[in-house]
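# Tertiary structure, described
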Amino acid sequence: MAFNSSTPVLFYNKDLFKKAGLADKPPATWDEVEAAAKKLVASGAKCGFGAAWPSWTLMENTHALHRPAVRRSRQRLRRAGHALKSTGPSA
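Residues numbered from 1 in each chain as written. Predicted model: local features only at pLDDT ≥ 70, side-chain atom pairs only at ≥ 80, totals over all residues. Heavy atoms only, no water.

Moving on to the overall build of the protein. From N to C terminus, the protein includes three helices and zero strands. Of the regular secondary structure in the protein, the N- to C-terminal order runs α-α-α. Taking all 91 residues of the protein together, 12% fall into the buried category. Of the contacts formed within the protein by residues at least 6 apart in sequence, a portion of 29% connects residues at least 24 apart. Just so you have it, the protein exposes about 7700 Å², and 58% of that area is on carbon and sulfur atoms. (Helix = DSSP H or I, 4+ residues; strand = E, 2+ residues; numbered from the N terminus. Buried < 20%, exposed > 50% of the residue type's maximum accessible area, 1.4 Å probe, protein only. Contact = heavy atoms within 4.5 Å. Areas by Shrake-Rupley, 256 points an atom, 1.4 Å probe, with all protein chains shown as cover.)

This brings us to the packing of aromatic side chains. As enumerated under the stated definition, the model contains two aromatic pairs in all. When the centroid spacing of 6.1 Å and the interplanar angle of 85 degrees are considered together, the rings of Trp-30 and Phe-49 count as edge-to-face. With Trp-30 in helix α2 (residues 30–42) and Phe-49 in the loop between α2 and α3 (55–79), this pair connects stretches of sequence that are 19 residues apart. (Phe/Tyr/Trp six-rings, centres within 6.5 Å; stacked < 30°, edge-to-face > 60°.)

This part covers the pattern of salt bridges. Pairing is possible between side chains that carry opposite charge, provided their charged atoms lie close to one another. Counted by the stated rule, this structure contains one salt bridge. A salt bridge links Lys-38 to Glu-34; its shortest N-O distance comes to 3.4 Å. Here Lys-38 and its partner Glu-34 are both found in helix α2, four residues apart, which amounts to about one turn of the helix. Residue Lys-38 is classed as exposed on the basis of its relative accessible area, which comes to 55%. (Salt bridge = Lys/Arg side-chain N within 4 Å of Asp/Glu carboxyl O.)

Here we take up α2. Under the 1.5 Å per step criterion, the end-to-end length of α2 is 18 Å for 13 residues, consistent within 8% with the ideal 18 Å. For α2, the full list of buried residues reads Val-33, Ala-36, Ala-37 and Leu-40. For α2, the arc enclosing every buried residue in end-on projection is 105 degrees, short of the 170-degree limit, so these residues lie on one face. What points out from α2, more than 90 degrees from its buried face, is the exposed set Asp-31, Lys-38 and Ala-42. Lining the buried residues of α2 we find α1 (14–19). Where α2 ends, the next residue or the one after it, Gly-44, has phi of about 110 degrees, a positive value. (Expected span 1.5 Å × (residues − 1). Arc of directions from axis to C-beta.)

Below you can see the structure in the form of structure tokens.
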């Protein structure tokens, strides 16, 4: 069983999606969320995307999406004698 099984939920405004010329269905990937947010703002929406509590759910998804790239960057930096800090006052 997975350590953490949080599931983010996406709410979207069908009227704003229609006004922006978007399909009558929610985005299914983070890339689709980003594209929809840009179109929403371009159509006059004040905000294309917002998140509420719990923000840690979004952090989990962001880490899952970018973990391979971060791991490769850390490995390259470590070989060069440097470090990539993601926590602490200097991060």
